[in-house]
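So the chains spell out like this:
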Amino acid sequence: MGFKIFLLVLFLALSSAFPVKRRQYTPCKHLVLYFRDVIYNGENAANATSALVAAPQGANLTKLADQFHFGDIAVFDDPITLDNNFHSKPVGRAQGFYIYDTKNTFTAWLGFTSVLNSTDHQGTILPSLEPIPF
Amino acid sequence: MGFKIFLLVLFLALSSAFPVKRRQYTPCKHLVLYFRDVIYNGENAANATSALVAAPQGANLTKLADQFHFGDIAVFDDPITLDNNFHSKPVGRAQGFYIYDTKNTFTAWLGFTSVLNSTDHQGTILPSLEPIPF
Amino acid sequence: MGFKIFLLVLFLALSSAFPVKRRQYTPCKHLVLYFRDVIYNGENAANATSALVAAPQGANLTKLADQFHFGDIAVFDDPITLDNNFHSKPVGRAQGFYIYDTKNTFTAWLGFTSVLNSTDHQGTILPSLEPIPF
(Lines give C-alpha, C1' and ligand atoms only; values in the text may rest on other atoms or scores of the structure.)
Protein backbone atom coordinates (compact mmCIF):
# COMPACT_ATOMS: atom_id res chain seq x y z
CA MET A 1 0.00 0.00 0.00
CA GLY A 2 1.44 3.35 -1.00
CA PHE A 3 0.52 6.79 0.18
CA LYS A 4 1.45 10.25 -0.99
CA ILE A 5 1.39 13.26 1.27
CA PHE A 6 0.98 16.74 -0.15
CA LEU A 7 1.92 19.48 2.21
CA LEU A 8 1.49 23.13 1.60
CA VAL A 9 3.75 25.08 3.88
CA LEU A 10 2.72 28.69 3.96
CA PHE A 11 5.33 31.29 3.25
CA LEU A 12 4.84 34.13 5.66
CA ALA A 13 6.14 37.40 4.28
CA LEU A 14 7.92 39.41 6.90
CA SER A 15 7.89 43.15 6.56
CA SER A 16 9.71 45.72 8.62
CA ALA A 17 9.86 49.49 8.86
CA PHE A 18 13.60 49.25 9.47
CA PRO A 19 14.93 47.07 6.69
CA VAL A 20 18.20 45.36 7.47
CA LYS A 21 20.23 42.94 5.45
CA ARG A 22 18.88 39.47 6.06
CA ARG A 23 20.41 36.09 5.39
CA GLN A 24 18.89 34.73 2.20
CA TYR A 25 16.99 31.53 2.59
CA THR A 26 14.80 29.32 0.48
CA PRO A 27 11.29 29.05 1.86
CA CYS A 28 9.81 25.57 1.74
CA LYS A 29 6.43 26.05 0.11
CA HIS A 30 5.66 22.53 -0.99
CA LEU A 31 6.76 19.20 0.30
CA VAL A 32 5.72 15.96 -1.37
CA LEU A 33 6.49 12.81 0.52
CA TYR A 34 5.89 9.17 -0.28
CA PHE A 35 5.69 6.24 2.02
CA ARG A 36 5.08 2.64 1.23
CA ASP A 37 4.07 -0.28 3.31
CA VAL A 38 5.16 -3.92 3.20
CA ILE A 39 2.74 -5.84 5.37
CA TYR A 40 3.92 -8.89 7.29
CA ASN A 41 2.52 -12.07 5.74
CA GLY A 42 4.15 -14.67 7.99
CA GLU A 43 7.24 -15.13 5.80
CA ASN A 44 8.71 -11.70 5.14
CA ALA A 45 9.87 -10.69 8.62
CA ALA A 46 13.11 -9.21 7.27
CA ASN A 47 11.42 -6.86 4.78
CA ALA A 48 8.05 -6.14 6.37
CA THR A 49 7.49 -2.57 7.53
CA SER A 50 4.06 -3.17 9.04
CA ALA A 51 2.14 -5.88 10.83
CA LEU A 52 -1.49 -6.73 11.40
CA VAL A 53 -2.12 -6.60 15.14
CA ALA A 54 -5.88 -6.88 15.32
CA ALA A 55 -8.45 -8.57 13.12
CA PRO A 56 -12.12 -9.44 13.42
CA GLN A 57 -13.47 -12.84 14.48
CA GLY A 58 -12.52 -15.49 11.91
CA ALA A 59 -9.60 -13.58 10.41
CA ASN A 60 -5.91 -13.88 11.33
CA LEU A 61 -2.80 -11.73 11.59
CA THR A 62 -0.94 -12.88 8.49
CA LYS A 63 -3.62 -12.32 5.85
CA LEU A 64 -5.83 -9.28 5.31
CA ALA A 65 -9.46 -10.05 6.16
CA ASP A 66 -12.27 -10.59 3.66
CA GLN A 67 -14.94 -7.96 3.03
CA PHE A 68 -12.52 -5.14 2.14
CA HIS A 69 -10.31 -6.02 5.14
CA PHE A 70 -12.97 -4.50 7.44
CA GLY A 71 -11.75 -4.52 11.02
CA ASP A 72 -8.05 -5.09 10.39
CA ILE A 73 -5.67 -2.84 12.33
CA ALA A 74 -2.06 -2.56 11.19
CA VAL A 75 0.85 -0.83 12.89
CA PHE A 76 3.55 0.52 10.58
CA ASP A 77 7.05 1.96 10.62
CA ASP A 78 7.55 2.91 6.96
CA PRO A 79 10.43 4.65 5.21
CA ILE A 80 9.55 8.04 3.69
CA THR A 81 11.02 8.84 0.30
CA LEU A 82 11.00 11.93 -1.88
CA ASP A 83 9.92 10.07 -5.01
CA ASN A 84 7.57 7.17 -5.64
CA ASN A 85 10.27 4.53 -5.32
CA PHE A 86 10.37 2.27 -2.31
CA HIS A 87 14.11 1.79 -2.74
CA SER A 88 15.11 5.47 -2.77
CA LYS A 89 17.15 6.71 0.14
CA PRO A 90 14.66 7.36 2.96
CA VAL A 91 14.44 10.89 4.38
CA GLY A 92 12.46 9.83 7.43
CA ARG A 93 9.93 7.44 8.87
CA ALA A 94 6.13 7.42 8.94
CA GLN A 95 5.05 5.67 12.12
CA GLY A 96 1.56 4.91 13.38
CA PHE A 97 -1.40 2.74 12.60
CA TYR A 98 -4.23 2.34 10.14
CA ILE A 99 -7.65 0.81 10.40
CA TYR A 100 -9.79 -0.60 7.60
CA ASP A 101 -13.15 0.87 8.55
CA THR A 102 -15.32 0.49 5.46
CA LYS A 103 -17.37 -2.54 4.52
CA ASN A 104 -18.00 -1.79 0.87
CA THR A 105 -14.79 -0.29 -0.51
CA PHE A 106 -11.09 0.00 0.28
CA THR A 107 -10.41 2.88 2.64
CA ALA A 108 -8.13 3.18 5.60
CA TRP A 109 -8.18 5.57 8.54
CA LEU A 110 -4.62 6.56 9.41
CA GLY A 111 -3.15 8.01 12.56
CA PHE A 112 0.59 8.54 12.32
CA THR A 113 3.56 10.82 12.61
CA SER A 114 6.09 11.58 9.90
CA VAL A 115 9.53 12.20 11.36
CA LEU A 116 12.03 13.63 8.86
CA ASN A 117 15.74 13.24 9.43
CA SER A 118 17.31 14.41 6.19
CA THR A 119 19.76 17.31 6.17
CA ASP A 120 17.15 19.67 4.74
CA HIS A 121 14.34 18.84 7.12
CA GLN A 122 16.15 17.66 10.24
CA GLY A 123 13.78 16.92 13.07
CA THR A 124 10.57 17.94 11.33
CA ILE A 125 7.56 16.15 12.78
CA LEU A 126 4.28 16.09 10.92
CA PRO A 127 1.27 14.54 12.60
CA SER A 128 -1.55 13.20 10.43
CA LEU A 129 -4.94 11.80 11.23
CA GLU A 130 -7.23 11.16 8.31
CA PRO A 131 -9.12 8.73 6.15
CA ILE A 132 -7.33 7.91 2.89
CA PRO A 133 -8.95 6.11 -0.03
CA PHE A 134 -6.67 3.98 -2.19
CA MET B 1 -24.86 1.75 21.15
CA GLY B 2 -26.22 5.02 19.85
CA PHE B 3 -24.51 8.35 19.50
CA LYS B 4 -25.77 11.79 18.73
CA ILE B 5 -23.58 14.46 17.20
CA PHE B 6 -24.39 18.12 17.70
CA LEU B 7 -22.61 20.38 15.30
CA LEU B 8 -22.68 24.10 15.39
CA VAL B 9 -21.70 25.44 12.02
CA LEU B 10 -20.84 29.08 12.29
CA PHE B 11 -22.55 31.47 9.96
CA LEU B 12 -19.97 33.91 8.73
CA ALA B 13 -21.54 37.19 7.73
CA LEU B 14 -20.00 38.50 4.56
CA SER B 15 -19.88 42.23 4.13
CA SER B 16 -18.73 44.20 1.16
CA ALA B 17 -18.21 47.83 0.25
CA PHE B 18 -19.53 47.06 -3.23
CA PRO B 19 -22.80 45.21 -2.71
CA VAL B 20 -23.87 43.07 -5.64
CA LYS B 21 -26.87 40.83 -6.08
CA ARG B 22 -26.00 37.47 -4.57
CA ARG B 23 -27.67 34.12 -4.95
CA GLN B 24 -29.85 33.53 -1.90
CA TYR B 25 -28.89 30.55 0.17
CA THR B 26 -29.83 28.98 3.46
CA PRO B 27 -26.92 28.90 5.85
CA CYS B 28 -26.56 25.64 7.76
CA LYS B 29 -26.27 26.68 11.37
CA HIS B 30 -27.08 23.45 13.15
CA LEU B 31 -26.71 19.85 12.11
CA VAL B 32 -27.87 17.01 14.33
CA LEU B 33 -26.83 13.57 13.24
CA TYR B 34 -27.46 10.15 14.73
CA PHE B 35 -25.55 6.97 14.24
CA ARG B 36 -26.15 3.60 15.73
CA ASP B 37 -24.05 0.54 16.05
CA VAL B 38 -24.90 -3.15 15.76
CA ILE B 39 -21.94 -5.06 17.08
CA TYR B 40 -21.07 -8.45 15.63
CA ASN B 41 -21.90 -11.22 18.08
CA GLY B 42 -20.95 -14.24 16.01
CA GLU B 43 -24.39 -14.76 14.47
CA ASN B 44 -25.51 -11.45 12.99
CA ALA B 45 -23.02 -11.05 10.15
CA ALA B 46 -25.70 -9.73 7.79
CA ASN B 47 -26.86 -6.90 10.06
CA ALA B 48 -23.76 -6.06 12.07
CA THR B 49 -22.24 -2.65 11.41
CA SER B 50 -19.24 -3.06 13.73
CA ALA B 51 -16.92 -5.76 14.95
CA LEU B 52 -14.67 -6.28 17.93
CA VAL B 53 -11.12 -6.60 16.63
CA ALA B 54 -9.10 -6.50 19.83
CA ALA B 55 -9.82 -7.58 23.37
CA PRO B 56 -7.78 -8.09 26.53
CA GLN B 57 -6.44 -11.43 27.72
CA GLY B 58 -9.29 -13.81 28.59
CA ALA B 59 -11.91 -12.03 26.48
CA ASN B 60 -12.98 -12.83 22.93
CA LEU B 61 -14.17 -11.09 19.77
CA THR B 62 -17.84 -12.01 19.86
CA LYS B 63 -18.76 -10.82 23.36
CA LEU B 64 -17.92 -7.51 25.04
CA ALA B 65 -15.43 -7.99 27.87
CA ASP B 66 -16.22 -7.90 31.57
CA GLN B 67 -15.27 -4.92 33.72
CA PHE B 68 -17.07 -2.27 31.64
CA HIS B 69 -15.62 -3.78 28.45
CA PHE B 70 -12.22 -2.29 29.35
CA GLY B 71 -9.73 -2.96 26.59
CA ASP B 72 -12.16 -3.82 23.81
CA ILE B 73 -11.53 -2.14 20.46
CA ALA B 74 -14.29 -2.09 17.86
CA VAL B 75 -14.17 -0.92 14.25
CA PHE B 76 -17.43 0.43 12.84
CA ASP B 77 -19.06 1.47 9.58
CA ASP B 78 -22.42 2.84 10.77
CA PRO B 79 -25.27 4.48 8.86
CA ILE B 80 -25.91 8.13 9.82
CA THR B 81 -29.53 9.21 10.09
CA LEU B 82 -31.20 12.56 10.67
CA ASP B 83 -33.48 11.25 13.43
CA ASN B 84 -33.04 8.74 16.21
CA ASN B 85 -34.26 5.80 14.14
CA PHE B 86 -31.87 3.14 12.94
CA HIS B 87 -34.13 2.34 10.01
CA SER B 88 -34.41 5.86 8.59
CA LYS B 89 -32.83 6.49 5.22
CA PRO B 90 -29.12 7.01 5.90
CA VAL B 91 -27.56 10.31 4.82
CA GLY B 92 -24.00 9.08 5.22
CA ARG B 93 -21.64 6.78 7.06
CA ALA B 94 -19.69 7.17 10.31
CA GLN B 95 -16.51 5.13 9.98
CA GLY B 96 -13.75 4.60 12.48
CA PHE B 97 -13.09 2.89 15.77
CA TYR B 98 -13.82 3.13 19.46
CA ILE B 99 -12.00 1.94 22.52
CA TYR B 100 -13.43 1.15 25.94
CA ASP B 101 -10.84 2.84 28.12
CA THR B 102 -12.44 3.11 31.57
CA LYS B 103 -12.43 0.48 34.27
CA ASN B 104 -15.22 1.80 36.47
CA THR B 105 -17.91 3.10 34.12
CA PHE B 106 -19.05 2.88 30.51
CA THR B 107 -17.17 5.32 28.34
CA ALA B 108 -15.74 4.98 24.87
CA TRP B 109 -13.01 6.93 23.12
CA LEU B 110 -13.97 7.41 19.46
CA GLY B 111 -11.90 8.25 16.43
CA PHE B 112 -13.94 8.39 13.25
CA THR B 113 -15.02 10.29 10.19
CA SER B 114 -18.58 11.16 9.22
CA VAL B 115 -19.02 11.19 5.46
CA LEU B 116 -22.31 12.68 4.28
CA ASN B 117 -23.71 11.83 0.87
CA SER B 118 -27.20 13.27 0.92
CA THR B 119 -28.26 15.86 -1.63
CA ASP B 120 -28.05 18.66 0.92
CA HIS B 121 -24.65 17.83 2.32
CA GLN B 122 -22.94 16.05 -0.55
CA GLY B 123 -19.35 15.19 0.23
CA THR B 124 -19.19 16.78 3.67
CA ILE B 125 -16.55 15.14 5.82
CA LEU B 126 -16.52 15.68 9.58
CA PRO B 127 -13.64 14.22 11.57
CA SER B 128 -14.20 13.50 15.27
CA LEU B 129 -11.90 12.38 18.04
CA GLU B 130 -13.33 12.38 21.50
CA PRO B 131 -14.40 10.49 24.57
CA ILE B 132 -18.16 9.92 24.73
CA PRO B 133 -20.01 8.75 27.86
CA PHE B 134 -23.16 6.70 27.31
CA MET C 1 5.93 3.25 31.99
CA GLY C 2 5.68 6.83 33.25
CA PHE C 3 4.77 9.97 31.40
CA LYS C 4 4.91 13.61 32.30
CA ILE C 5 2.69 16.21 30.73
CA PHE C 6 3.74 19.83 30.62
CA LEU C 7 0.94 22.20 29.92
CA LEU C 8 1.29 25.87 29.34
CA VAL C 9 -1.99 27.58 29.89
CA LEU C 10 -1.90 31.06 28.49
CA PHE C 11 -2.91 33.93 30.70
CA LEU C 12 -4.98 36.31 28.66
CA ALA C 13 -4.78 39.84 29.99
CA LEU C 14 -8.12 41.54 29.88
CA SER C 15 -8.18 45.29 29.50
CA SER C 16 -11.14 47.59 29.64
CA ALA C 17 -11.80 51.28 29.16
CA PHE C 18 -14.22 51.15 32.07
CA PRO C 19 -12.33 49.54 34.93
CA VAL C 20 -14.49 47.96 37.58
CA LYS C 21 -13.58 46.02 40.66
CA ARG C 22 -13.05 42.41 39.70
CA ARG C 23 -12.90 39.29 41.83
CA GLN C 24 -9.25 38.40 42.34
CA TYR C 25 -8.24 35.04 41.00
CA THR C 26 -5.07 33.06 40.46
CA PRO C 27 -4.48 32.35 36.80
CA CYS C 28 -3.26 28.83 36.09
CA LYS C 29 -0.20 29.32 33.91
CA HIS C 30 1.51 25.97 34.27
CA LEU C 31 0.21 22.56 35.04
CA VAL C 32 2.51 19.56 35.41
CA LEU C 33 0.86 16.19 35.57
CA TYR C 34 2.25 12.69 35.94
CA PHE C 35 0.69 9.43 35.05
CA ARG C 36 2.06 5.96 35.38
CA ASP C 37 1.09 2.68 33.90
CA VAL C 38 1.03 -0.81 35.39
CA ILE C 39 0.55 -3.20 32.50
CA TYR C 40 -1.36 -6.42 33.00
CA ASN C 41 1.01 -9.40 32.96
CA GLY C 42 -1.45 -12.21 33.64
CA GLU C 43 -1.06 -12.13 37.40
CA ASN C 44 -1.60 -8.55 38.57
CA ALA C 45 -5.27 -8.04 37.74
CA ALA C 46 -5.89 -6.16 41.01
CA ASN C 47 -3.16 -3.55 40.44
CA ALA C 48 -2.92 -3.31 36.65
CA THR C 49 -4.02 -0.03 35.10
CA SER C 50 -3.54 -1.06 31.49
CA ALA C 51 -3.84 -4.14 29.33
CA LEU C 52 -2.42 -5.29 26.03
CA VAL C 53 -5.34 -5.80 23.66
CA ALA C 54 -3.57 -6.36 20.35
CA ALA C 55 -0.22 -7.84 19.44
CA PRO C 56 1.46 -8.95 16.23
CA GLN C 57 1.59 -12.56 15.03
CA GLY C 58 3.59 -14.70 17.44
CA ALA C 59 3.20 -12.39 20.43
CA ASN C 60 0.61 -12.60 23.20
CA LEU C 61 -1.40 -10.32 25.48
CA THR C 62 0.47 -10.86 28.75
CA LYS C 63 4.01 -10.06 27.63
CA LEU C 64 5.26 -7.12 25.58
CA ALA C 65 6.43 -8.23 22.12
CA ASP C 66 10.02 -8.57 20.99
CA GLN C 67 11.60 -6.02 18.65
CA PHE C 68 10.86 -2.95 20.78
CA HIS C 69 7.29 -4.16 21.35
CA PHE C 70 6.48 -3.18 17.74
CA GLY C 71 2.80 -3.72 17.07
CA ASP C 72 1.56 -3.93 20.63
CA ILE C 73 -1.54 -1.89 21.44
CA ALA C 74 -2.40 -1.20 25.07
CA VAL C 75 -5.51 0.43 26.53
CA PHE C 76 -5.00 2.29 29.80
CA ASP C 77 -6.94 3.94 32.63
CA ASP C 78 -4.15 5.48 34.70
CA PRO C 79 -4.27 7.65 37.81
CA ILE C 80 -2.88 11.19 37.33
CA THR C 81 -0.76 12.60 40.15
CA LEU C 82 0.78 16.01 40.75
CA ASP C 83 4.22 14.61 41.58
CA ASN C 84 6.25 11.71 40.25
CA ASN C 85 4.90 9.22 42.77
CA PHE C 86 2.50 6.51 41.72
CA HIS C 87 1.05 6.35 45.23
CA SER C 88 0.20 10.05 45.59
CA LYS C 89 -3.47 10.93 45.79
CA PRO C 90 -4.72 10.96 42.18
CA VAL C 91 -6.21 14.19 40.83
CA GLY C 92 -7.75 12.54 37.77
CA ARG C 93 -7.48 9.77 35.23
CA ALA C 94 -5.63 9.51 31.91
CA GLN C 95 -7.63 7.21 29.67
CA GLY C 96 -6.89 6.05 26.15
CA PHE C 97 -4.51 3.85 24.25
CA TYR C 98 -0.94 3.66 23.05
CA ILE C 99 0.71 1.90 20.18
CA TYR C 100 4.32 0.81 19.90
CA ASP C 101 5.03 1.91 16.34
CA THR C 102 8.82 1.90 16.01
CA LYS C 103 10.98 -1.06 15.10
CA ASN C 104 14.35 0.25 16.24
CA THR C 105 13.76 2.13 19.47
CA PHE C 106 11.19 2.52 22.24
CA THR C 107 8.53 5.01 21.28
CA ALA C 108 4.81 4.98 21.77
CA TRP C 109 2.05 6.86 19.97
CA LEU C 110 -0.58 7.91 22.49
CA GLY C 111 -4.19 8.93 22.05
CA PHE C 112 -5.91 9.71 25.32
CA THR C 113 -7.88 12.11 27.44
CA SER C 114 -6.88 13.47 30.84
CA VAL C 115 -9.89 14.06 33.04
CA LEU C 116 -9.17 16.02 36.22
CA ASN C 117 -11.48 15.80 39.20
CA SER C 118 -9.59 17.57 41.97
CA THR C 119 -11.10 20.59 43.70
CA ASP C 120 -8.82 22.96 41.82
CA HIS C 121 -9.38 21.59 38.35
CA GLN C 122 -12.81 20.03 38.56
CA GLY C 123 -14.00 18.72 35.23
CA THR C 124 -11.01 19.80 33.16
CA ILE C 125 -10.58 17.60 30.10
CA LEU C 126 -7.32 17.62 28.16
CA PRO C 127 -7.14 15.63 24.95
CA SER C 128 -3.72 14.48 23.74
CA LEU C 129 -2.55 12.78 20.61
CA GLU C 130 1.19 12.48 20.15
CA PRO C 131 4.22 10.30 19.91
CA ILE C 132 6.22 10.12 23.14
CA PRO C 133 9.73 8.71 23.40
CA PHE C 134 10.65 7.11 26.72
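Quick summary incoming for the structure in this document. On a predicted model such as this, the values are computed, not experimentally measured, just so you know.

**Notes on the relation of the copies chain B and chain C**
At an RMSD of 0.0 Å, chain B and chain C line up after a rotation of 120° and a shift of 0.0 Å along the axis. Interpreted geometrically, this transformation is the action of a three-fold axis. Measuring from the rotation axis to each C-alpha of chain B, the shortest distance belongs to B:Ala54, at 3.2 Å.

**Let's talk about the interface of chain B and chain C**
Listed per partner, the contact involves 17 residues of chain B and 22 residues of chain C. In this assembly, chain B and chain C are joined by zero salt bridges. The interface formed by chain B and chain C contains five residue pairs in polar contact (both at pLDDT 80 or more). Looking at the side of chain B that touches chain C, the elements with two or more residues in it are β5 (92–100) and β7 (125–133) of chain B. Class assignment of the residues belonging to the side of chain B that touches chain C gives a composition of 11 nonpolar, four polar and two charged.

**Considering empty space enclosed by the protein**
Using the criterion set out here, one finds one cavity of 30 Å³ or more in the structure. In this structure, the largest cavity is lined by A:Ile73, A:Phe97, A:Ile99, B:Ile73, B:Phe97, B:Ile99, C:Ile73, C:Phe97 and C:Ile99. Elements with a contribution of two residues or more to the lining of the largest cavity: β5 (92–100) of chain A, β5 of chain B together with β5 (92–100) of chain C. Residue composition of the lining of the largest cavity, by class: nine nonpolar, no polar and no charged.

**Side note on the interface of chain C and chain A**
With 17 residues of chain C at the interface, the matching set in chain A holds 22 residues. Of the roughly 1300 Å² buried where chain C meets chain A, counting both sides, 68% is carbon and sulfur surface. Remark: the boundary between chain C and chain A carries zero salt bridges. At the junction of chain C and chain A, the tally comes to five residue pairs in polar contact (both at pLDDT 80 or more). Looking at the side of chain C that touches chain A element by element, the count peaks at three residues for β5(C). Looking at the side of chain C that touches chain A residue by residue, the classes come out as 11 nonpolar, four polar and two charged.

**A closer look at the packing of aromatic side chains**
A full pass over the atoms with the stated rule returns 27 aromatic pairs over all chains. Ring centres of B:Phe35 and B:Phe112 lie 5.2 Å apart, and the angle between their planes is 50°; this geometry places the pair in the tilted category. Placement of the pair is B:Phe35 in strand β2 (residues 30–36) and B:Phe112 in strand β6 (residues 107–116), with a sequence separation of 77 residues. Its relative accessible area of 2% is what places B:Phe112 among the buried residues. Joined through ring pairs, the aromatic side chains of A:Phe97, A:Trp109, B:Phe97, B:Trp109, C:Phe97 and C:Trp109 make up one cluster. Above the ring of B:Phe70, the side-chain terminus of B:Lys103 is found at 5.3 Å from the ring centroid.

**Considerations on a nonpolar patch on the surface**
On the surface, a nonpolar cluster with roughly 200 Å² of combined accessible area is contributed by A:Leu129, B:Leu129 and C:Leu129. Looking at the secondary structure, you find B:Leu129 in strand β7. Note on B:Leu129: relative accessible area 34%, which makes it partly exposed.

**Quick notes on the nonpolar core**
The biggest cluster of nonpolar side chains holds 31 residues, and the ones touching the most others in it are A:Ile73, A:Phe97, B:Ile73, B:Phe97, C:Ile73 and C:Phe97. In this structure C:Ile73 touches A:Val53, A:Ile73, B:Ile73, C:Ala51, C:Leu52, C:Val53, C:Ala54, C:Phe97, C:Tyr98 and C:Ile99, once residues within four positions along its chain are discounted.

**Quick notes on the environment of A:Ala51**
Here A:Ala51 lies in strand β3 (residues 50–54). Note on A:Ala51: relative accessible area 7%, which makes it buried. Separated by 25 residues in sequence, A:Ala51 and A:Phe76 have C-alpha atoms that sit 6.6 Å apart. Leaving out residues up to four positions away in the same chain, A:Ala51 has contacts with A:Tyr40, A:Ile73, A:Ala74, A:Val75, C:Pro56 and C:Phe70.

Parameters and conventions
- Residues numbered from 1 in each chain as written.
- Chains lettered and ligands numbered in written order.
- Predicted model: local features only at pLDDT ≥ 70, side-chain atom pairs only at ≥ 80, totals over all residues.
- Heavy atoms only, no water.
- Least-squares fit on C-alpha atoms with pLDDT ≥ 70 in both.
- Contact = heavy atoms within 4.5 Å.
- Salt bridge = Lys/Arg side-chain N within 4 Å of Asp/Glu carboxyl O.
- Polar contact = N/O pair within 3.5 Å; in protein donor to acceptor, adjacent residues only side chain to side chain.
- Helix = DSSP H or I, 4+ residues; strand = E, 2+ residues; numbered from the N terminus.
- Nonpolar A, V, L, I, M, F, W, Y, C, P; charged D, E, K, R; others polar.
- 1 Å grid on protein atoms, 1.4 Å probe; cavity = no way out; pocket = protein on both sides within 12 Å on 5 of 7 lines; lining within 4 Å.
- Points joined across faces, edges and corners; volume = space filled by probe spheres on them.
- Buried area = accessible area lost by both parts, 1.4 Å probe.
- Phe/Tyr/Trp six-rings, centres within 6.5 Å; stacked < 30°, edge-to-face > 60°.
- Buried < 20%, exposed > 50% of the residue type's maximum accessible area, 1.4 Å probe, protein only.
- Lys NZ or Arg CZ within 6 Å of the ring centre and 35° of its normal.
- Patch = residues over 30% accessible without salt bridge, like charges linked within 9 Å, V, L, I, M, F, W, Y side chains within 5 Å.
- Areas by Shrake-Rupley, 256 points an atom, 1.4 Å probe, with all protein chains shown as cover.
- Core = buried A, V, L, I, M, F, W, Y, C linked by side-chain atoms within 4.5 Å.

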